[in-house]
Amino acid sequence: MSDQVDVCIIGAGVVGLAIAVELAKPGRRVFILDRNRTFGLETSSHNSEVIHAGIYNPPDSLKTRFCVEGKPLLYELCEKYNIGHKRLGKIIVAADAEETREIERLYRQGIENGVNDLTLLTRAEIKRLEPNVEAVAGFLSPSTGIIDSWGLMQSFYGRARESGADFFFNTEVTGIEKTIDGFKVIVTERESISSLHATVVINAAGLFSDKIAALAGIDIDKASYRIHYCKGEYFSVDSRDKRVVERLIYPVPEQAGTGIHISLNLDGNIKLGPSARYVDAIDYSVDETSKTDFYRAAHRYLPVIQLDDLSPDFAGIRPKLQGPGAGFRDFVIADETDRGLPGLINLIGIESPGLTASPAIARYVAGMVKGKL
Ligand SMILES: Cc1cc2nc3c(=O)[nH]c(=O)nc-3n(C[C@H](O)[C@H](O)[C@H](O)COP(=O)(O)OP(=O)(O)OC[C@H]3O[C@@H](n4cnc5c(N)ncnc54)[C@H](O)[C@@H]3O)c2cc1C
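Residues numbered from 1 in each chain as written. Predicted model: local features only at pLDDT ≥ 70, side-chain atom pairs only at ≥ 80, totals over all residues. Heavy atoms only, no water.

Participant: Explanation requested: helix α8 (residues 354–369) in the structure shown.
Facilitator: Quick reminder: α-helices carry 3.6 residues per turn. Residues three or four places apart thus point the same way. Approximately 40 degrees is the largest bend angle found in α8, and it occurs at Ala-360. Summarising burial for α8: 13 of the 16 residues are buried, a large majority. Gly-371 sits one or two positions beyond α8 and adopts a positive phi of about 90 degrees. (Bend = angle between axes of the 7 residues up to and from the residue. Helix = DSSP H or I, 4+ residues; strand = E, 2+ residues; numbered from the N terminus. Buried < 20%, exposed > 50% of the residue type's maximum accessible area, 1.4 Å probe, protein only.)

What follows is the structure, encoded as structure tokens:
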């Protein structure tokens, strides 16, 4: 590979793919590089597949902005391109009186975030909607849903290619050098090393995005770009009676995640998760010994679940900017002109709700690229 291109996107997860759709057009050379054998094999295929409403994060954050903007865009894409999805709705529940205060805070935050379809629920109202759920209070988010994330990525991939984008798999970016009018991007394809020259480089490398920023010469500790891996594991529930719940059921959130919740796949199967545990390495195995913790977490508000119903399912790794015990960190979506790197756009810490936010992030990044080509 030795080419001059307009845009080089590093990473073909859901975010890189959505950006490719926005940027690809006839007459423009857009290359997307990914180290894996195909698109979407990392975080974008190891998540809860929930279309979030925008309740959890502070009102003035990019996480909230792009989630609230991304949700209707995703539903539109699902309808238009026949992507599997269900607008199931979700209930966030308080299992005791203490959690009720957190439910009220979250509800108010949701309204402040512009999520205008939330309804507070009493114990009796929750029982009427979800007879198997035990909770003292909660609220309903009717527009939360689930999506076939693989179907979404396939659709982005096909549309980007139709518009002329070129994809290179098994291609790992191992160096980035600033040039007078852009960047030399050095890649390792299987055994051989080659390079291309790009006017604009977009770093959408997920769990590796801090390393890509470092390759471009950024001191990631000074910039607060260092990523911490936070593992989320899932257990599937063998529910003989499949209709245990009709909606997604979430507890009040914990420090590093939304809490072990109950979600449904498009085929109606139930899963519990994700947990949240900081780890040093990327490893997608599920620790079977945590089965009892999952059972206890879910049993508090869904007592029909039995320990024997649970089996280890899968895990995902959150690319978190926030380390253990640290406060809220927003998505970083940065034009690095001020660091002497005009043409480099870094997307770092794109954890949840990154799937929901992907079409809105892509539009925003396309706006940043305007005027650079
Ligand atoms: C447990 C869990 C549950 C979640 N649940 C939800 C949810 O329900 N709803 C929601 O909206 N969001 C959810 N998310 C968040 C969502 O999954 C992510 O925000 C989103 O998938 C991030 O996409 P991405 O494209 O940025 O990253 P990725 O999917 O990780 O893609 C990055 C790509 O970069 C490539 N790459 C990395 N380094 C290099 C390199 N050097 N050279 C070339 N390529 C490289 C990788 O191969 C990869 O394909 C969840 C995340 C986790 C971990």
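Participant: It is not clear to me how the sheet that holds strand β3 (residues 50–51) should be interpreted in this structure. Could you clarify?
Facilitator: Each strand in a sheet pairs with its neighbour through backbone hydrogen bonds, running either in the same direction (parallel) or in the opposite one (antiparallel). The strand order across the open sheet built from three strands is β3-β8-β4, with neighbouring strands paired in antiparallel fashion. Two strands in the sheet have a free side with no partner beyond their single neighbour: β3 and β4 (85–86). (Pairing = 2+ DSSP bridges.)

Participant: Where do I start with the site of the ligand in this structure?
Facilitator: The environment of the ligand is formed by 39 residues, the closest being Asp-34, Ser-44, Val-50, Ile-350 and Thr-356. Val-15 is positioned such that a nitrogen or oxygen atom in its backbone is 3.1 Å from an oxygen atom of the ligand. Arg-35 places a polar main-chain atom, nitrogen or oxygen, 3.1 Å from a nitrogen atom of the ligand. For the ligand, the accessible surface in isolation is 1,000 Å², of which the surrounding protein chains cover 98%. Breaking the shell around the ligand down by element, the ones donating at least two residues are α1 (14–23), β10 (171–179), β18 (310–320) and α8. For the shell around the ligand, the class distribution of residues is 17 nonpolar, 15 polar and seven charged. Viewed by domain, the shell around the ligand spans two of them, domain 1 (4–46 + 150–226 + 328–369) and domain 2 (90–142 + 228–320), each represented by three or more residues. (Near = heavy atom within 4 Å. Polar contact = N/O pair within 3.5 Å; in protein donor to acceptor, adjacent residues only side chain to side chain. Areas by Shrake-Rupley, 256 points an atom, 1.4 Å probe, with all protein chains shown as cover. Nonpolar A, V, L, I, M, F, W, Y, C, P; charged D, E, K, R; others polar. Domains from an automatic or database assignment.)

Participant: I tried to follow the environment of Trp-150 on my own but got confused; where do I start?
Facilitator: As for its placement among the helices and strands, Trp-150 is situated in helix α5 (residues 149–162). Classification of Trp-150 by relative accessible area gives partly exposed; the value is 31%.

Participant: Explain the pairing of strand β12 (residues 192–203) to me, please; I cannot follow it from the model alone.
Facilitator: Put simply, side chains in a regular strand alternate between the two faces of the sheet. Of all the 12 residues making up β12, nine are buried; the element is thus mostly covered by neighbouring parts of the structure. Bridge count between strand β1 (residues 4–10) and β12: six bridges; the pairing is parallel. Within β12, the position partnered with Val-7 by the bridge is Val-200. Examined bridge by bridge, strand β11 (residues 182–189) and β12 share seven bridges and lie antiparallel to one another.

Participant: Would you take a moment to explain the packing of aromatic side chains for this structure?
Facilitator: For any pair of aromatic rings, geometry is given as the distance between the ring centres together with the angle between the planes. One pass over the full model with this rule turns up 11 aromatic pairs. Look at Tyr-157 and Phe-167: their rings are 4.7 Å apart centre to centre, the planes differ by 70 degrees, and that puts the pair in the edge-to-face class. With a gap of 10 residues between them, Tyr-157 in helix α5 and Phe-167 in strand β9 (residues 166–168) connect regions that are remote in the sequence. In this pair, the class of Tyr-157 matches that of Phe-167, namely buried. Ring pairing ties together the aromatic residues Phe-39, Trp-150, Tyr-157, Phe-167 and Phe-169, which thus form one cluster. (Phe/Tyr/Trp six-rings, centres within 6.5 Å; stacked < 30°, edge-to-face > 60°.)

Participant: Can you help me understand α1 in this one?
Facilitator: Counting buried positions along α1 gives nine out of 10 residues, so the element sits mostly inside the fold. Residues of α1 that are buried include every one of Val-14, Val-15, Gly-16, Leu-17, Ala-18, Ile-19, Ala-20, Val-21 and Leu-23, and no others.

Participant: Sorry, what's going on with the pattern of salt bridges here?
Facilitator: Pairing between side chains becomes possible if they bear opposite charge and their charged atoms approach one another. Scanning the model with the defined rule gives 16 salt bridges in all. For Asp-210, the salt bridge is made with Lys-211, and the minimal N-O distance between the two is 3.6 Å. For Asp-210, a relative accessible area of 1% corresponds to the buried category. What makes Lys-211 partly exposed here is its relative accessible area of 34%. For Asp-221, the salt bridge is made with Arg-226, and the minimal N-O distance between the two is 2.8 Å. Residue Asp-221 is classed as partly exposed on the basis of its relative accessible area, which comes to 48%. Since its relative accessible area comes to 39%, Arg-226 is described here as partly exposed. Through salt bridges with shared partners, a single network forms among Lys-63, Lys-320 and Glu-351. (Salt bridge = Lys/Arg side-chain N within 4 Å of Asp/Glu carboxyl O.)

Participant: Quick question: what am I supposed to make of the packing of α1 against α5 here?
Facilitator: Any two packed helices are characterised by the angle at which their axes cross and by the distance between the axes. At a minimum axis separation of 8 Å, α1 and α5 run at an interaxial angle of 35 degrees. Taken as a pair, α1 and α5 cross one another with a handedness that is left-handed. Across the interface between the two elements, Val-14, Leu-17, Ala-18, Ala-20 and Val-21 from α1 touch Leu-152, Met-153, Phe-156, Tyr-157, Arg-159 and Ala-160 from α5. A per-class count over the contact of α1 with α5 returns 10 nonpolar, no polar and one charged. (Axes fitted to C-alpha atoms, helices over the stretch in contact; angles between N-to-C directions. Left-handed = near helix turned anticlockwise from the far one by under 90°. Contact = heavy atoms within 4.5 Å.)

Participant: Can you help me understand the environment of Pro-72 in this one?
Facilitator: Tracing the backbone shows Pro-72 in helix α2 (residues 62–81). Along the chain, Pro-72 and Pro-359 lie 287 residues apart, while their C-alpha atoms are 9.7 Å from each other.

Participant: I'm lost on the nonpolar core in this one. Help?
Facilitator: Within soluble globular proteins, side chains that are nonpolar generally end up buried alongside one another. Ile-202, Ile-333, Leu-347 and Ile-361 are the most contacted members of the largest nonpolar core, which has 49 residues in total. Broken down by secondary-structure element, the contributors of at least two residues to this core are β1, α1, β2 (30–33), α2, α5, β12, β20 (344–348) and α8. Examining the composition of this core, we find that nine residues originate from one element, α8, more than from any other. Those residues in contact with Ile-202 that lie beyond four places of it in its chain are Val-7, Cys-8, Ile-9, Ile-10, Ile-19, Leu-23, Ile-345, Leu-347, Val-365 and Val-369. In terms of nonpolar packing, the next biggest core, distinct from the first, is built from 32 residues, Val-5, Val-173, Leu-207 and Ile-218 among them. (Core = buried A, V, L, I, M, F, W, Y, C linked by side-chain atoms within 4.5 Å.)

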